[in-house]
2 protein chains.
Amino acid sequence: MTATIEFWFDFASTYSYPAAMRMEAEAHARGVMVEWRPFLLGPVFGAQGMKDSPFNLFPTKGQYMIRDLQRICAELDLPFMLPTPFPQNSLLCARIATALEGAPRQRFTQAAYSLEFGEGRAISDPLNAAEALRRAGLDTAIVEKAQEESVKMALRASTDEAMQKGVFGAPSFLTPDGELFWGNDRLEAALDWAVKHAK
Amino acid sequence: MTATIEFWFDFASTYSYPAAMRMEAEAHARGVMVEWRPFLLGPVFGAQGMKDSPFNLFPTKGQYMIRDLQRICAELDLPFMLPTPFPQNSLLCARIATALEGAPRQRFTQAAYSLEFGEGRAISDPLNAAEALRRAGLDTAIVEKAQEESVKMALRASTDEAMQKGVFGAPSFLTPDGELFWGNDRLEAALDWAVKHAK
């Protein structure tokens, strides 16, 4: 009886940053296995009729989000700096994460989020994506490999799967019995649910 | 040195329901004085270019919100039933709450939220508003009094004040040093901030 959870994230998503940085400790404390699932929010927002980040479409909410994240990251002792432009184009990093699996995917994801929201660097830049791979102890040749057709198709399939499963934002957490939890705030509740309903 | 906080709520707001029901216990545990501030979300959403509840404008989010609230209320042992139509027109109850002060305002607010989201009843109906007053141990004649011009103007002024202070949704919590916290999820963080920064 092993509890598992899917962790859906987009590299442009601000609240996915603290979720990605604290996920393993929280999951480990509860004995939950995490499947890290990169996807693209763009098509998901597009299907809801939004052509930009909700934080740009609703500026007062965007301003608040920045202050909220400053407080959340301060509490977690995580550095926070918004990259320019915001949101970042997350396609390259999503492809790289898709080309990886297991622990390497997790390490790259955390390194990329740290660069983007801890240091405010542009993760759409292949040099920064390579830097994230290096910090994760991985081969920087993966930047090239991530442009292969099979990787592009796998990422598209993941984004379709996210939508089919009702994911409408990031971070999202999905348990095997189909419960969806949205937002960094729901990380603990999602893991607790996964443990309680593990088969 | 008394810590205080403003609690901004709209009677149509689903997440304001659990916030209103648990506010006093959480505030009391920390010695924080709460000012209950009714306002109208309609003009606030309108200023952001939204002509309906975000939960209706973005149906996948709306569906999720219902499930999320079911889980939150189950955890708190609170009944939950969405009223029809959703969202409810909150004008009448907002005026009644504005016409009241202090403990009576709080008791009426909790009674109205219980009717609306605990029993799924239409709080725009004056009979149900009167029922909430009765349950709060208050005079039902206040339903009439709430239609006076002075009350309407006070509510309009409150809604303007909310927007001036950066409130863009409900529930919202504001500390005397100007920190804004949004959402039932932020209730504890807001109270903790109020205590830490009390003068």
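To keep things clear, this report deals only with the structure shown in the data block.

Cut-offs used in this document
Residues numbered from 1 in each chain as written. Chains lettered and ligands numbered in written order. Predicted model: local features only at pLDDT ≥ 70, side-chain atom pairs only at ≥ 80, totals over all residues. Heavy atoms only, no water. Helix = DSSP H or I, 4+ residues; strand = E, 2+ residues; numbered from the N terminus. Rg over C-alpha atoms; globule rule 2.2 N^0.38 Å. Buried < 20%, exposed > 50% of the residue type's maximum accessible area, 1.4 Å probe, protein only. Phe/Tyr/Trp six-rings, centres within 6.5 Å; stacked < 30°, edge-to-face > 60°. Core = buried A, V, L, I, M, F, W, Y, C linked by side-chain atoms within 4.5 Å. Contact = heavy atoms within 4.5 Å. Axes fitted to C-alpha atoms, helices over the stretch in contact; angles between N-to-C directions. Parallel < 35°, antiparallel > 145°, perpendicular 65-115°, else oblique. Left-handed = near helix turned anticlockwise from the far one by under 90°. Nonpolar A, V, L, I, M, F, W, Y, C, P; charged D, E, K, R; others polar. Right-handed = clockwise from strand over helix to strand, strands pointing away. Pairing = 2+ DSSP bridges. Polar contact = N/O pair within 3.5 Å; in protein donor to acceptor, adjacent residues only side chain to side chain. Least-squares fit on C-alpha atoms with pLDDT ≥ 70 in both.

Let us now look at the overall build of chain A. Scanning chain A from N- to C-terminus turns up 10 helices and 4 strands. In chain A, the succession of α and β elements from N to C terminus is β-α-β-α-α-α-α-α-α-α-α-β-β-α. Relative to the 2.2 N^0.38 estimate, which gives 16 Å for 199 residues, the radius of gyration of chain A is 16 Å and therefore close to what a compact globule would have. Dimensions of chain A along its principal axes, counting C-alpha atoms only, are 45 × 40 × 35 Å. When each of the 199 residues of chain A is scored for burial, the buried share is 54%.

Once that is clear, we can look at the packing of aromatic side chains. Within this structure, the stated rule accounts for 30 aromatic pairs over all chains. Between Trp 182 of chain A and Tyr 64 of chain B the ring centres are 6.2 Å apart and the planes differ by 85 degrees, which places this aromatic pair in the edge-to-face class. Here the residue Trp 182 of chain A occupies a position in strand 4 (residues 180-182), and Tyr 64 of chain B occupies one in helix 4 (residues 59-76), the pair thus bridging two chains. Assessed through its relative accessible area of 6%, Tyr 64 of chain B is described here as buried.

Let us now look at the nonpolar core. One finds Phe 11, Ile 96 and Phe 108 of chain A together with Phe 11, Ile 96 and Phe 108 of chain B to be the most contacted residues of the largest nonpolar core, which totals 134 residues. Beyond its immediate chain neighbours, meaning those up to four positions away, Phe 108 of chain A contacts Phe 11, Cys 93, Ile 96, Ala 97, Leu 100, Ala 129, Ala 132, Leu 133, Ala 136 and Leu 138 of chain A.

On to the packing of helix 1 (residues 16-30) of chain B against helix 4 of chain B. All names here are of chain B. Across the interface, helix 1 lies against helix 4 with an axial gap of 10 Å and an inter-helix angle of 15 degrees. It follows from the interaxial angle that helix 1 and helix 4 lie roughly parallel. Helix 4 is crossed by helix 1, and the crossing has left-handed handedness. Two secondary-structure elements touch here, helix 1 through Tyr 17, Pro 18 and Arg 22 and helix 4 through Leu 69, Ile 72, Cys 73 and Leu 76. Of the residues belonging to the contact of helix 1 with helix 4, the class tally is 6 nonpolar, no polar and 1 charged.

Quick look at the pairing of strand 1 (residues 3-9) of chain A now. The element strand 1 of chain A is extensively covered by neighbouring structure, given that 6 of its 7 residues are classed as buried. For the segment spanning strand 1 of chain A, helix 1 (residues 16-30) of chain A and strand 2 (residues 32-38) of chain A, crossover handedness is right-handed.

This part is about the sheet that holds strand 1 of chain A. Residue and element names in this part refer to chain A. Overall, mixed pairing links the 4 strands, which are arranged 2-1-3-4 in an open sheet. Among the strands making up the open sheet, the edge pair consists of strand 2 and strand 4. The sheet shows a mean angle of 25 degrees between the axes of neighbouring strands, direction not considered. Across the sheet, helix 9 (residues 149-164) lies against strand 1 and strand 2, angled at about 115 degrees from strand 2, the strand it touches most.

Residue and element names in this part refer to chain B. Checked against the element boundaries, Arg 37 lands in strand 2 (residues 32-38). Arg 37 has contacts with Glu 6, Phe 7, Trp 8, Phe 9, Arg 105, Ser 158 and Glu 161, leaving out every residue within four places of it along the chain. Of the polar contacts made by the side chain of Arg 37, one reaches the side chain of Ser 158; its length is 3.4 Å.

Moving on, we come to the environment of Phe 58 of chain B. By the secondary structure assignment, Phe 58 of chain B is in the loop between helix 3 (54-57) and helix 4. C-alpha separation for the pair Phe 58 of chain B and Arg 156 of chain B, spaced 98 residues apart in sequence, amounts to 27 Å. Not counting residues within four places of it along the chain, the set of residues in contact with Phe 58 of chain B comprises Gln 48, Met 50 and Phe 58 of chain A.

We now examine the relation of the copies chain A and chain B. Mapping chain A onto chain B leaves a residual RMSD of 0.0 Å; the transformation is a rotation of 180 degrees accompanied by 0.0 Å of translation along its axis. A rotation of that kind, with that shift, is consistent with a two-fold axis. Every residue of chain A has its C-alpha some distance from the rotation axis, and the shortest such distance is that of Asp 185 of chain A, at 3.6 Å. Taken as a fraction of all interface residues of chain A, those also at the interface in chain B reach 100%, which identifies the copy contact as same-surface.

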